[in-house]
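# Analysis of the macromolecular model
Residues per chain, in single letters:
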Amino acid sequence: MLPSRRLAALSMSLAVVTAGPAAAFELKVKSENPQISEEAVRAAVNAIAGEIGQNIPEDPNIKVYVYTRALPSKIEGQMIYFHRVQLTKAVSGGKPYPVRAWLPIKSVERYGVDDPAQLRPRLDEALRDFFRQMKTIDPDKGVE
């Protein structure tokens, strides 16, 4: 095999090995954060879920919702940030109180004022905390 083909084959093998498992759950992302794009949030969710693992069932009535927002602070060089990672479930009910809604089952939040370079690590902390919790929850028993 030619050296360039060996290198290409090795690169492809490494990409497959390091990609990790794809998340089976449905993911909704919204970023109102100039420091972190929605694509970066999705990549972080997939990487951290693959690294830690989770027990979130593949179900159209269950979603993971990630929201991040950041605004300039009055403190020079700082930003006010808010990150939320939430497991939601669709519920519906009839009489006497008809309802169709997505209810939060589990949430992890991080917020504060920090250097713009620290916003992504704070989001990663929230994601790691969320997936550690989700790994310990048995979907058949639920959240206590």
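Keep in mind that this is a model prediction, so the values were computed, not measured.

### Digging into the packing of helix α2 (residues 38-52) against helix α3 (residues 119-136)
Two elements in contact, α2 and α3, have axes separated by 9 Å at closest approach and are oriented at 40°. Between α2 and α3, the angle is such that the two are oblique. In this structure, the crossing between α2 and α3 has a hand that is right-handed. Here Ala 40, Val 41, Ala 44, Val 45, Ile 48, Ala 49, Glu 51 and Ile 52 of α2 lie close against α3, whose contacting residues are Arg 120, Leu 123, Asp 124, Leu 127, Arg 128, Phe 131, Arg 132 and Lys 135. Of the residues belonging to the contact of α2 with α3, the class tally is 10 nonpolar, no polar and 6 charged.

### Looking at the confidence of the model for the protein chain
Scored by pLDDT, the protein chain has a mean of 85; 82% of the residues are at 70 or more. The least confident element of the protein chain is helix α1 (residues 3-19), whose mean pLDDT is 39; the most confident is strand β2 (residues 62-72), at 97. Taken as a whole, residues 1-22 scores under 50 in pLDDT and shows 2 contacts with residues more than four places along the chain or in a different chain.

### Quick word on the pattern of salt bridges
Pairing is possible between side chains that carry opposite charge, provided their charged atoms lie close to one another. A full pass over the atoms with the stated rule returns 11 salt bridges. For the salt bridge of Arg 128 with Glu 51, the shortest nitrogen-to-oxygen distance reads 3.1 Å. Within this pair, whereas Arg 128 is found in helix α3, its partner Glu 51 is found in helix α2, the two being separated by 77 residues in sequence. Relative accessible area serves as the criterion here: at 25%, Arg 128 is assigned to the partly exposed category. The network of salt bridges with shared partners includes Arg 110, Asp 114, Arg 122, Glu 125 and Asp 129.

### Topic: the sheet that holds strand β3 (residues 79-93)
On the basis of which strands lie adjacent, the open sheet formed by 4 strands has the order β1-β2-β3-β4 and mixed pairing. What marks the edges here is a single partner per strand, and that holds for β1 (26-32) and β4 (99-114). When the angles between neighbouring strand axes are averaged without regard to direction, this sheet yields 15°. With 15 bridges joining them, β3 and β4 adopt antiparallel strand pairing. Paired with Ser 92 across the bridge in β4 is Arg 100. Sitting on the sheet, α2 is in contact with β1 and β2, with an inclination near 140° to β1.

Rules used in this analysis
- Along each chain, the written sequence defines residue order, and numbers are assigned to residues from 1.
- Note on the predicted model: pLDDT of at least 70 is required for a residue's local features to be given, and 80 or more for side-chain atom pairs to be given and counted; whole-chain, interface and lining totals, by contrast, use all residues.
- Side-chain metrics rest on all non-hydrogen atoms present in the structure, leaving aside hydrogens and water.
- An axis is simply a line fitted to the C-alpha atoms; with a helix, the fit covers only the stretch in contact. Between two such axes, the angle follows the N-to-C directions and lies from 0 to 180 degrees.
- A run of H or I in DSSP counts as a helix once it spans at least four residues, and a run of E counts as a strand once it spans at least two, with each numbered from the N terminus.
- Oblique is the label for every angle not falling under 35 degrees (roughly parallel), over 145 degrees (roughly antiparallel), or within 65 to 115 degrees (roughly perpendicular).
- Two helices cross in a left-handed way if the nearer one is turned anticlockwise from the farther one by less than a right angle. They cross in a right-handed way if the turn is clockwise.
- The contact criterion used throughout is that any non-hydrogen atoms of two residues lie within 4.5 Å.
- Lys, Arg, Asp and Glu make up the charged group, whereas Ala, Val, Leu, Ile, Met, Phe, Trp, Tyr, Cys and Pro make up the nonpolar group; the residues left over, Gly among them, are polar.
- Across the chain, each position has a pLDDT score giving the predictor's confidence in that residue, from 0 to 100.
- What makes a salt bridge here is a side-chain nitrogen of Lys or Arg within 4 Å of a carboxyl oxygen of Asp or Glu, nothing more.
- Note on classification: 1.4 Å probe, protein chains only; a residue is buried when its accessible area is under 20% of the maximum for its type, exposed when over 50%, partly exposed between these limits.
- Strands are labelled as partners when DSSP assigns at least two bridges between them.

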